[in-house]
Amino acid sequence: MADFQIANIQGKLSGYGIEEQLPTVAIVAHYDAYGIAPGLSQGADANGSGVAALLELARIFSKLYTNSRTHAKSNIMFLLSGGGKFNYHGTKRWIEDNLDGAESSLLTDVSVVLCLDSIGADDKLYLHVSKPPKEGSPGALFVENIKSVISSFYPDVTFTVQHKKINLGEDLLAWEHERFSIRRLPAFTLSHLESHKALERKSVLDTRDTVDTHKLVRNTRIIAEALARHIYNITNQDGLQIFNQNLDVQESMMTAWLDYLTSEPRGAQLLRKDHLMVTTLEQALARYVKDVRKTLAKADKKDPEFVFYDGATYTMYAYSVKPAVFDLFLALGIAAYLTVIYYAGQNFSIIYNFVKNIGKRQTKQLKQQ
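In this text the structure is predicted, and so the values were computed from the model without any measurement.

**A short note on the side chain of Ser81**
Mapped onto the secondary structure, Ser81 falls in strand β3 (residues 75-81). Among the polar contacts made by the side chain of Ser81, one reaches the side chain of Thr91 at a distance of 3.3 Å. Of the polar contacts made by the side chain of Ser81, one reaches the side chain of Glu176; its length is 2.7 Å. Contact partners of Ser81, with chain neighbours within four places excluded, come to Ala7, Asn8, Val28, Ala29, His30, Tyr31, Asp32, Thr91 and Glu176.

Structure, rendered in structure tokens:
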């Protein structure tokens, strides 16, 4: 597939004040799925759950940002990245365009980048980080906010900060936040998976029924509460719950998004820039945030990072064969037959005389009768 283009979809909620002078929080989730058969890769948990959570966060925070009394002095950037299962190529190009481009970017003053990956199951949450944030830094405060929310409202959830250094010697990065960490941006990946090597992340068995919607909603609430504490600089108010009633996370919305995202395979090579699902995600994000646009990235022609091929659905044939035990008995039978024939040929004179003698005895007996 020559010149295949991966689409990134971005939008933002501008904070109250001069946008370029305000800190920025980035929420990131890749929307493609991966499996040995692209035509069967639904990616419900990895990473349909992350996409559904990002869209719900955009919805509820847009309500806060449209009200002058709750308009925070912080920008929120939302990114639905493509090529996540191919070494986060879409994220890589997006970062390069924003940091290395001639135009000013909100990423230059980012305080936290939170990547969402597989958050739709289990009672454990791992915050994966390449370098632990320094005490008192925005990243460290954000981690404390997550701990505070969980301990106050969701004590059944086990939260762990998982530190793993970036191994540049490997061909593939472990988590999406590593793309940002390489550029020295404070980034994390939130997941219920302890390791990037978990088989669930790259399996055609990652279907809709693997996601527990109640737990996905709970985890989204945890993120929303922690994010609100971060951008509003709320401290020492453990019992304060910001999102409830009209501002609460809506389970029906998240269920609808999960059903839609798993209604067809989302292999990266299937999601062209004009694919209906990509267009739908772009339109959905535009309903909640501003300056939504789609940027495109493609592999380098001289040294391509990935190569896609046509065809995602193939016919497999299964043939029924006789069991190996049958072949064993057949081989033994043939060997026994050949053995008998061999010895018969080697001792033909003996066998002939034996049969001849038996014939003479029977002839004598008949004459005596």
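Still to come is the rest of the account.
**A few points about the environment of Gln362**
Looking at where Gln362 falls in the secondary structure, it is placed in helix α9 (residues 348-368). Take Gln362: its relative accessible area is 48%, and that puts it in the partly exposed class. In sequence terms Gln362 and Glu144 are 218 residues apart; their C-alpha atoms lie 108 Å from each other.

**What about the nonpolar core?**
Counting residues in each nonpolar core, the largest one holds 66 residues, and the members touching the most others are Ile27, Leu57, Phe61, Phe78, Leu114, Leu116 and Leu281. For this core, the element with the most residues is helix α1 (residues 44-65), which contributes 12 residues. Among residues more than four places away in sequence, those in contact with Leu57 are Ile27, Phe78, Leu116, Thr220, Ile223 and Ala224. With 14 residues, the next largest nonpolar core counts Met77, Leu107, Cys115 and Ala187 among its residues.

**Focus on the pairing of strand β5 (residues 124-129)**
Summarising burial for β5: five of the six residues are buried, a large majority. For β5 and strand β6 (residues 158-163), the ladder comprises six bridges, and the chain directions are parallel. Each residue of the ladder has a partner; that of Val129, found in β6, is His163. In this structure, β5 lies alongside strand β7 (residues 187-191), joined through three bridges in antiparallel fashion. Within β7, the residue paired with His128 across the bridge is Thr189.

Rules of the game
Residues numbered from 1 in each chain as written. Predicted model: local features only at pLDDT ≥ 70, side-chain atom pairs only at ≥ 80, totals over all residues. Heavy atoms only, no water. Helix = DSSP H or I, 4+ residues; strand = E, 2+ residues; numbered from the N terminus. Polar contact = N/O pair within 3.5 Å; in protein donor to acceptor, adjacent residues only side chain to side chain. Contact = heavy atoms within 4.5 Å. Buried < 20%, exposed > 50% of the residue type's maximum accessible area, 1.4 Å probe, protein only. Core = buried A, V, L, I, M, F, W, Y, C linked by side-chain atoms within 4.5 Å. Pairing = 2+ DSSP bridges.

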